[in-house]
Structures are given as structure tokens and as C-alpha cells.
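Listed here are the chains, written in short residue letters.
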Amino acid sequence: MSRVPLSIPVAMLVENVLTSGEPGEVIIDCLQRRDFTSLLSKIKEPSMDLGERLDTAAEVGDNWEEAIRSGVYEFKFLHINALKRLLYFRFGLKAEQDFIQEDLSLKEVYLTVKQISLLQLLIGRQWIVQEEEQGKDQAKASDASLRIPVHIRLKY
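We now turn to the structure provided with this report. (Residues numbered from 1 in each chain as written. Predicted model: local features only at pLDDT ≥ 70, side-chain atom pairs only at ≥ 80, totals over all residues. Heavy atoms only, no water.)

Under the definition given, this model contains twelve salt bridges. When the shortest N-O distance is used, the salt bridge between Asp55 and Arg34 registers 2.6 Å. Here the residue Asp55 occupies a position in helix H4 (residues 50-60), and Arg34 occupies one in the loop between helix H2 (24-33) and helix H3 (37-40), the gap between them amounting to 21 residues. The class of Arg34 is partly exposed, set by a relative accessible area of 42%. Residues Glu65 and Arg69 are paired through a salt bridge, measuring 3.9 Å at the closest nitrogen-oxygen approach. Taken together, the residues span about one helical turn, with Glu65 and Arg69 both in helix H5 (residues 64-70) at a distance of four residues. When salt bridges that share partners are traced, they join Arg3, Glu74 and Arg125 into one network. (Salt bridge = Lys/Arg side-chain N within 4 Å of Asp/Glu carboxyl O. Helix = DSSP H or I, 4+ residues; strand = E, 2+ residues; numbered from the N terminus. Buried < 20%, exposed > 50% of the residue type's maximum accessible area, 1.4 Å probe, protein only.)

Next up, the structure:
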């Protein structure tokens, strides 16, 4: 299955509406009808202009519906601030509270093995997600819920 490439504004729309906890088809229906009422009280960032993000998706040709349906997409491009927002939407992690930013990299980002794999799928085109040294022994443990510290840095 190929990953749907999304621009930052459209990917953030997808991430934000997924935080509602609603099934994908319900989210798609609400967005297609542009009736956001049932989503706004449930999403992490209700101030996001969902209509504007949908307009952007139409303008640039991003297939947000397929991204929600399949759950598989990747960022076309991702700057550091958008990466931090992704970590907040997807994993509930906040900068300076849950991880440290050093220049154009993030350190001490604690994720499970499953979360690390997912993050690599989403951002792997441009970013490297690498286990930090103190996490290498923990990664060998069989507990899938164990959080491992990772370092996220630009590939180039």
C-alpha cells in the first residue's frame, strides 16, 4: 500500500480531526458536508479553520480522504514546528515539556516501538528517527508499551 503524500496544512487537518476519536468514515462525512459541529468539541485544536484546510487540499490536490481511510500518509515536506505539532496531535507530546529541541532536532522524545514505526512512516522522507543510546537496551525488552527515547533529526 502506497502512502498518500500530503502538504503540511492538509496533514495537520488530518491529524487534528483524527484526535476526535470518531471513526474515519464519520470524519470524512463531516468534512465532505463541511459540517464541523460534531468534531469541534472533540478535536485538540478547535480553532483550526477546517474549511480553509479543505480548500487548500482541493487547490493542491491532496487526497485527505484516502489518508483518513487508509491511515497511511506521509508529509511532502515537514519543518521543525510542524513536526512538533505532529507529535502533539498524534502522541500528545509537548515541546519543552515532553522533549527537548536542539537547533533543528528533537531529543529525548519518548515513544513506544509501534509509535516509532508510525512516525518513521509519516516523516521518513525528510527526518531520521533514531533510538538514543540510553534507549537501546530498553528497546530489546518485550514490553510493547515501554517508551524508548529517540532523537529526531533532518536527513540532510
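This is not the end of the story, as more comes after the structure.
One open sheet holds the four strands; their spatial order is S3-S4-S6-S5, and the pairing between them is antiparallel. At either end of the open sheet lies a strand with only one pairing partner, and these are strand S3 (100-102) and strand S5 (127-131). The average angle at which neighbouring strand axes cross in this sheet is 25°, direction not considered. Pairing geometry for strand S4 (residues 105-111) and strand S6 (residues 148-154), over five bridges, is antiparallel. (Pairing = 2+ DSSP bridges. Axes fitted to C-alpha atoms, helices over the stretch in contact; angles between N-to-C directions.)

Quick look at the pairing of S4 now. As judged from the three bridges shared by S3 and S4, these two strands associate in the antiparallel manner. In the sheet register, Ile100 faces S4, and the bridge partner there is Lys107. A loop of two residues connects S3 with S4, the two strands running antiparallel in sequence, and Asp103 in this loop sits at a positive phi of about 55°.

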